[in-house]
Amino acid sequence: MAIYGTAILAACLLAGVATGTLLGKALGLDTDVGGVGLAMLLLVLVTDRLRRAGRLGPESQSGISYWSALYIPIVVAMAASQNVRGALSGGMVALVAGSGCVVICLALVGVLSRPGRGKDGTGSGTDG
Amino acid sequence: MVDAALGVLTRYHLLTALALVGLLAGVAHPLAGRLLRGRVHWSALAIVAGLGLALCGGWRTGGKQGLADLPVFAGLALLGGPMLRDLAIVATAFGVRLEELKGGGLIGGVSLLLGLTVSFAFGGAVAYAWGYRDAASITTIGAGAATYIVGPVTGTAVGADSEVIALAVAAGLVKAILVMVATPWVARWIGLDNPRSAMIFGGLMGTNSGVMAGLAATDPRLVPYGAMTATFYTGLGCLLGPSVYFGIIRWVIG
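In this text, all values refer to a predicted model and were calculated from it rather than measured experimentally. (Residues numbered from 1 in each chain as written. Chains lettered and ligands numbered in written order. Predicted model: local features only at pLDDT ≥ 70, side-chain atom pairs only at ≥ 80, totals over all residues.)

### Some points on the overall build of chain A
Part 1 of the argument: A count of helical and extended segments in chain A gives 6 helices and 0 strands.
Part 2 of the argument: By the burial criterion, 46% of the 128 residues in chain A qualify as buried.
Part 3 of the argument: Excluding contacts between residues fewer than 6 apart, the proportion of contacts in chain A whose partners are at least 24 apart in sequence is 54%. (Helix = DSSP H or I, 4+ residues; strand = E, 2+ residues; numbered from the N terminus. Buried ≥ 20, exposed ≤ 12 C-beta atoms within 10 Å, placed from the backbone. Contact = placed C-beta atoms within 7 Å.)

### Concerning the overall build of chain B
Part 1 of the argument: Secondary structure summary: chain B contains 13 helices and 0 strands in total.
Part 2 of the argument: For chain B, the N- to C-terminal ordering of α and β elements is α-α-α-α-α-α-α-α-α-α-α-α-α.
Part 3 of the argument: What you see for chain B is a C-alpha radius of gyration of 20 Å, in line with the 18 Å of a compact globule of 254 residues.
Part 4 of the argument: For chain B, the spread of C-alpha atoms along the principal axes amounts to about 65 × 45 × 30 Å.
Part 5 of the argument: Per-residue burial over chain B gives 62% buried out of 254 residues.
Part 6 of the argument: In chain B, 63% of the contacts between residues at least 6 apart in sequence involve partners at least 24 apart. (Rg over C-alpha atoms; globule rule 2.2 N^0.38 Å.)

### Notes on the interface of chain B and chain A
Part 1 of the argument: Contact with chain B, which involves 99 residues of that partner, is made by 72 residues of chain A.
Part 2 of the argument: Among the elements that make up the side of chain B that touches chain A, the one with the highest residue count is helix 10 (residues 162-186) of chain B (14 residues).

### Thoughts on the nonpolar core
Part 1 of the argument: The biggest cluster of nonpolar side chains holds 133 residues, and the ones touching the most others in it are Val75 of chain A together with Val90 and Ile141 of chain B.
Part 2 of the argument: The residues contacting Val90 of chain B, other than those within four sequence positions of it, are Leu9, Cys12, Leu13, Val36, Ala39, Met40 and Leu43 of chain A. (Core = buried A, V, L, I, M, F, W, Y, C linked by C-beta atoms within 7 Å.)

### Considering the packing of helix 2 (residues 35-52) of chain A against helix 5 (residues 82-92) of chain B
Part 1 of the argument: At a minimum axis distance of 8 Å, the contact between helix 2 of chain A and helix 5 of chain B shows a crossing angle of 40°. Put simply, helix 2 of chain A runs oblique to helix 5 of chain B. Taken as a pair, helix 2 of chain A and helix 5 of chain B cross one another with a handedness that is right-handed. Side by side, helix 2 of chain A and helix 5 of chain B meet where Val36, Ala39, Met40 and Leu43 of chain A of the first sit next to Asp86, Ile89 and Val90 of chain B of the second. (Axes fitted to C-alpha atoms, helices over the stretch in contact; angles between N-to-C directions. Parallel < 35°, antiparallel > 145°, perpendicular 65-115°, else oblique. Left-handed = near helix turned anticlockwise from the far one by under 90°.)

### What about the environment of Leu9 of chain B?
Residue and element names in this part refer to chain B.
Part 1 of the argument: As for its position among the elements, Leu9 is in helix 1 (residues 2-11).
Part 2 of the argument: For the pair formed by Leu9 and Ala74, sequence separation is 65 residues and the distance between their alpha carbons is 9.8 Å.
Part 3 of the argument: Beyond its immediate stretch of four places on either side in the chain, Leu9 contacts Thr16 and Val72.

### What to know about helix 10 of chain B
All names here are of chain B.
Part 1 of the argument: Between its first and last C-alpha, helix 10 extends 35 Å over 25 residues, near the 36 Å set by a 1.5 Å rise per residue.
Part 2 of the argument: Along its length, helix 10 reaches its greatest deviation from straightness, about 35°, at Met180, and the proline Pro184 lies no more than four positions downstream.
Part 3 of the argument: Most of helix 10 is tucked away, with 18 of its 25 residues classed as buried. (Expected span 1.5 Å × (residues − 1). Bend = angle between axes of the 7 residues up to and from the residue.)

### Things to note about the environment of Leu20 of chain B
Part 1 of the argument: Tracing the backbone through its elements, the reader meets Leu20 of chain B in helix 2 (residues 13-35).
Part 2 of the argument: Considering only alpha carbons, one finds Leu20 of chain B and Phe73 of chain B, 53 residues apart in sequence, at a separation of 8.7 Å.

### Topic: the domain arrangement of chain B
Interface size is often expressed as the accessible area that is lost when the parts come together.
All names here are of chain B.
Part 1 of the argument: You can read the domains of chain B as domain 1 (2-80) and domain 2 (98-253).
Part 2 of the argument: Here the C-alpha centroids of domain 1 and domain 2 sit 27 Å apart.
Part 3 of the argument: On the side of domain 2, 8 residues touch domain 1, which itself brings 7 residues to the contact. (Domains from an automatic or database assignment.)

### What about helix 13 (residues 223-253) of chain B?
Residues and elements named next belong to chain B.
Part 1 of the argument: Its 31 residues give helix 13 an end-to-end C-alpha distance of only 39 Å, which falls more than 12% under 45 Å, the value for a rise of 1.5 Å per residue.
Part 2 of the argument: The sharpest bend along helix 13 reaches about 55° and sits at Gly241, with the proline Pro242 one to four residues further on.
Part 3 of the argument: Helix 13 sits mainly inside the fold: 23 of its 31 residues count as buried.

### Re the confidence of the model for chain A
Part 1 of the argument: Within chain A, residue pLDDT values average 85, and 89% of them lie at 70 or more.
Part 2 of the argument: Between residues 117-128 of chain A, whose pLDDT stays under 50, and residues either more than four places distant or in other chains, the model counts 21 contacts. (pLDDT = per-residue confidence, 0-100.)

### Observations concerning the packing of helix 8 (residues 135-146) of chain B against helix 9 (residues 150-158) of chain B
All names here are of chain B.
Part 1 of the argument: The geometry of helix 8 relative to helix 9 is characterised by a closest axis approach of 7 Å and an angle of 160° between their N-to-C directions. The angle between the axes of helix 8 and helix 9 places the two elements in the roughly antiparallel class. By crossing handedness, the relation of helix 8 to helix 9 is classed as right-handed. Judged by residue contacts, Ala136, Thr139, Thr140, Ala143, Gly144 and Ala146 of helix 8 engage Val150, Gly151, Thr154, Gly155 and Val158 from helix 9.

As structure tokens, then:
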């Protein structure tokens, strides 16, 4: 059943965020540290195990892949609920600090990712 | 008549949001395919349209949630909010190979630290250039250049003025929005086309919303890898901002 997949997905996210929040607390912070990352690792491990055991049928998988397919629409909704006015009304300091940082970091992505190029040839320019 | 229709749209706000996003996709998809011949991913167009609508919403209401501040479109804040957004991000990891995530561990950590340091250093330098001379303000604006969450968290911890904290939030928003818009255009130049570089990208940029939207518009298959490192950025920034970076900046200012 599709709900099995969605329930596994939801449980992984809850477990990840709970662990991330506890990790944050342990570090004296009020935020979640890496919860989504931990949840992703957990999902990969759990679904891999279940698939090998033959206990994750195509219907259960559809309960996960539906949410994966909704990713871009959700990001569009997120864009439409951003505080764009706040970003533009911050004045020059905010504009220069924010945009300069993006330019430098984008350039650094190029520098850091070059040496390993060609090693793992997954993905090309084509859009899925 | 209109009131009744608006009433229904407001009451079922999540469905209104789904329909609106579907409509945006329905316009953006053929536009990207036919007019732009696939040079731009349709989600890039839809995201820019969403940002434009958010600006209109902000002007209309003066609120902080873009178009979602209009009651009819309140569902956008739920659909695009942290809960469902994180659920969808985690779902994208379904089918990812564990080896690929493991392989990027070290470089991911390096890019996280480098990304945070560059943000604090550059944001702090801009603050200094604009005449801020106290370590608390400089650190806070530097933290804002990291993300719009690290900014206020750090600012509150080091006791910065609320006006400076507002600036830090604005700097973080500028960064997030620019990453969303710019990433698909520069992806080819910076080699952003494989899992490893996506993990580096996530660590260097850090801003969750920016990274996720930027990668979605570049190549949706890269999303889980970028999200994997970016998810540690804000937490690490909140940890190092008020402690390590504040200490260094205070020492540099003298």
